[in-house]
Amino acid sequence: MEYTESIIFIMEIIGTVAFAASGAMLAIKKRMDVFGVIVLGVVTAVGGGMIRDMVLCRIPSALMYPIYALTATITSLLLFVVVAIRHRFLQGRSQYIYDHLLLFMDALGLGIFTVVGVTRGISAGYGGMKFLLIFLGTITGVGGGLLRDVMAQEPPYILVKHIYACASILGAVVYLIVYRTLGELPGLVLAPVSVLLIRLLAAHYRWNLPRVRWEE
């Protein structure tokens, strides 16, 4: 159990860095000051987990364990300094690298936090409530990004861009299936990888859900 908890903690830290980076970079592109960059990075990193914990009627873990907010703060501040020093970081070929790096980090964070959300639901004693577990995984994965986009006055990413929330839902389902058939550790590996692959493929091939197209 302690071994598994250590793996989940490492995954949370990786996801925190990934989501903090995506939030901070959006804030930088929106020309926010250093405080705004840090706030958006922290909100993106811990927002989904805080919503999850409130659904579970718990004190948010981000408030009980400052390591997550501190990690997000350091990540956001480092990105701010790098971009401030290298003004051309978001131009030319660097822009191309940034876009793909941000996509990868965001997809990685989505996969990790989706799985973490499900595991927290199971550890809270709701292992038999599949719908609740899938919801907890999804809201943990997309909640921070949703808050990020609202604060940055952007159309919510989960509603307009490629396959996003659906990838999180599928990742939660994959984790539950693998968890009940092969065990927890394989689920911790296969579910995030499935979310990551779906997001990268969706972005590459421009996969989107059907929408109504209005004639001008």
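For the structure, see preceding data.
If you're wondering where the values come from, they're calculated on a predicted model, not measured in any experiment. (Residues numbered from 1 in each chain as written. Predicted model: local features only at pLDDT ≥ 70, side-chain atom pairs only at ≥ 80, totals over all residues. Heavy atoms only, no water.)

**Things to note about the overall build of the protein**
Okay, so step 1: Regarding its fold elements, the protein presents 9 helices and 0 strands.
Okay, so step 2: Starting at the N terminus and walking to the C terminus, you meet the elements of the protein as α-α-α-α-α-α-α-α-α.
Okay, so step 3: Relative to its length of 216 residues, the protein is compact, with a C-alpha radius of gyration of 17 Å against a globular reference of 17 Å.
Okay, so step 4: Structurally, the protein occupies a C-alpha span of about 50 × 45 × 25 Å along its principal axes.
Okay, so step 5: The buried share among the 216 residues of the protein stands at 47%.
Okay, so step 6: Accessible surface, the protein as shown: approximately 11800 Å² in total, 69% of it carbon and sulfur.
Okay, so step 7: Averaging the locations of the 17 positively and 12 negatively charged side chains of the protein gives two centres separated by 6 Å. (Helix = DSSP H or I, 4+ residues; strand = E, 2+ residues; numbered from the N terminus. Rg over C-alpha atoms; globule rule 2.2 N^0.38 Å. Buried < 20%, exposed > 50% of the residue type's maximum accessible area, 1.4 Å probe, protein only. Areas by Shrake-Rupley, 256 points an atom, 1.4 Å probe, with all protein chains shown as cover. Lys, Arg positive; Asp, Glu negative; His and termini not counted. Charge placed at Lys NZ, Arg CZ, Asp CG, Glu CD.)

**Looking at the side chain of Glu12**
Okay, so step 1: Along the chain, the position of Glu12 falls in helix 1 (residues 2-29).
Okay, so step 2: Given the relative accessible area of 5%, Glu12 is considered buried.
Okay, so step 3: A distance of 3.2 Å separates a polar atom in the side chain of Glu12 from a polar atom in the side chain of Arg120.
Okay, so step 4: Discounting residues that sit within four places of it in the chain, Glu12 has contacts with Tyr68, Ile112, Phe113, Val116 and Arg120. (Polar contact = N/O pair within 3.5 Å; in protein donor to acceptor, adjacent residues only side chain to side chain. Contact = heavy atoms within 4.5 Å.)

**Quick notes on the packing of aromatic side chains**
Okay, so step 1: For the coordinates displayed, the defined rule picks out 4 aromatic pairs.
Okay, so step 2: Geometrically, the ring pair formed by Tyr175 and Tyr179 is stacked, given 5.6 Å between the ring centres and 20° between the ring planes. Separated by 4 residues within a single helix, Tyr175 and Tyr179 lie in helix 8 (residues 165-181), roughly one turn from each other.
Okay, so step 3: When its relative accessible area of 27% is taken as the criterion, Tyr179 is described as partly exposed. (Phe/Tyr/Trp six-rings, centres within 6.5 Å; stacked < 30°, edge-to-face > 60°.)

**A closer look at helix 2 (residues 34-55)**
Okay, so step 1: Here helix 2 is 22 residues long and its end C-alpha atoms lie 31 Å apart, about the 32 Å a rise of 1.5 Å per residue gives.
Okay, so step 2: The residue sitting at the N-terminus of helix 2 and contributing the capping side-chain oxygen is Asp33; that oxygen lies 3.2 Å from the backbone nitrogen of Phe35.
Okay, so step 3: Phi turns positive one or two residues past the end of helix 2, at Cys57, with a value near 60°. (Expected span 1.5 Å × (residues − 1).)

**Things to note about unusual backbone geometry**
Okay, so step 1: For Gln153, which is not glycine, the phi torsion reads 55° and is therefore positive.
Okay, so step 2: With respect to the helices and strands, Gln153 occurs in the loop between helix 6 (130-151) and helix 7 (157-160).
Okay, so step 3: Residue classification places Gln153 among the exposed positions, given a relative accessible area of 73%.
Okay, so step 4: The backbone phi angle of Arg206 is positive, close to 60°, even though this residue is not glycine.

**A closer look at the side chain of Ser194**
Okay, so step 1: As for its placement among the helices and strands, Ser194 is situated in helix 9 (residues 184-205).
Okay, so step 2: Discounting residues that sit within four places of it in the chain, Ser194 has contacts with Gly171 and Val174.

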